[in-house]
Amino acid sequence: MGMRRRAFLGALAGVAVTWPVAVRAQQPAMRAVGFLSGRSLATDKHLVVAFGRGLSEAGYVEGRDVTIDYTWAEGQLDCLPALATGLVRRQVSVIFAGGMDVKLRAVKDVISTIPVVFATGGDPVELGLVASVNRPGGNATAVTVATAVLWSKRLELLHHLLPSVTLVALLVDPNNPTAEAITKDVQTAAQKLGLQLYIAKARSDRDTDDAFAALAREQVGALLVTADPLFIGRRPQVIGLANRYAVPAFYDRRDFPADGGLMSYGASIVDQYYQSGRYVGRILKGERPADLPVIQPTKFELVINAKTAKSLGIKIPDNLLALADEVIE
């Protein structure tokens, strides 16, 4: 089951016990923000920091102005609707929900009245989260990194890095509602580039191990890892498997090459959580999600881990290095 942890400032708590009862009774209750994630604090600590920075820049500091009810599913995504129900029952003022594209619609159905800001990699309109990008309507708005539309571009970059590779794999979770569309997109791009595409499917940790073993048997030359909660939440395992089987792997976010993966291309997830924190702050000030346009990325970053490339025996072309926003040495 997911776990919940409410954060308070110990210093404030210590002062509070010394206040006279009459004074304490006059203090207004501190408003609460629900932070709901399909992943865990272990993988997302840096994103929590970014969210808090955005919230504080909007005028709300955790422990001083608001409490944050952190609720983590720890990768057990089927728990998310129940965890969301718990936040609704605790009557938090606003909910942030991220790391759960597979379950976004189910969570939205639970949060029918409380204002909510969704962080997603897909199209919030297609996912049924909002009525439109400019006028979301209802009680929800979103911040998207639009990762689902970038897979053909990632394949082009991977082909640029490894022009001699003819067989490329795509690692997907068939349970993800975006898996079919991504697969079709990459298949079309592969045909245009004259590449063969092998579809590797994984629904669990064991499936992921088996999928990488299959890549070795099929002699796949490179791999695209989709932005699924299963793979993101088990980032060290996925990177370790790619490196163990010596498969050059391309990811959707900087976190992977920062932790030893080869390359990534996509919008900043850190900025996504920062912008989400700002939106939560604006809602606390009285703005309505219905009037807050969906935030879409304006910049995409190419990150290359040169050390990993060297360990795989890959020479990075100079023109690709010139395109990189960051090269990790």
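Going by the structure above, here's the rest.
Please read these numbers as outputs of a predicted model, since none were measured by experiment.

### Let's talk about the packing of aromatic side chains
In step 1: One pass over the structure, following the stated rule, counts 9 aromatic pairs.
In step 2: Ring geometry for Phe35 against Phe51: centres 5.1 Å apart, planes inclined by 85 degrees, an arrangement best described as edge-to-face. Taken together, the residues span a long stretch of sequence, with Phe35 in strand β2 (residues 31-37) and Phe51 in helix α3 (residues 41-57) at a distance of 16 residues. Both residues of the pair, Phe35 and Phe51, count as buried.
In step 3: Summarising the aromatic geometry, the rings of Tyr265 and Phe300 are spaced 6.1 Å apart at their centres and angled 35 degrees between planes, so their arrangement reads as tilted. Residue Tyr265 is located in strand β11 (residues 263-266), and its partner Phe300 is located in the loop between α12 (269-284) and β12 (301-305); the two are separated by 35 residues in the primary sequence.
In step 4: Taking the relative accessible area as the measure of exposure, Tyr265 reaches 14% and is therefore buried.
In step 5: Aromatic ring contacts, followed pair by pair, group Phe35, Phe51, Tyr70, Trp72, Phe96 and Tyr273 into a single cluster.

### Topic: the pairing of β11
Remark: a regular strand shows side chains that alternate across the two faces of the sheet.
In step 1: The two faces of β11 match: Met263 and Tyr265 on one face and Ser264 and Gly266 on the other face are all buried.
In step 2: As judged from the 2 bridges shared by strand β10 (residues 249-251) and β11, these two strands associate in the parallel manner. In the strand pairing of β11, Tyr251 is matched with Ser264.
In step 3: As paired strands, β11 and β12 are joined by 4 bridges and run antiparallel to one another. Within β12, the residue paired with Gly266 across the bridge is Glu301.

What counts and how
Residues numbered from 1 in each chain as written. Predicted model: local features only at pLDDT ≥ 70, side-chain atom pairs only at ≥ 80, totals over all residues. Heavy atoms only, no water. Phe/Tyr/Trp six-rings, centres within 6.5 Å; stacked < 30°, edge-to-face > 60°. Helix = DSSP H or I, 4+ residues; strand = E, 2+ residues; numbered from the N terminus. Buried < 20%, exposed > 50% of the residue type's maximum accessible area, 1.4 Å probe, protein only. Pairing = 2+ DSSP bridges.

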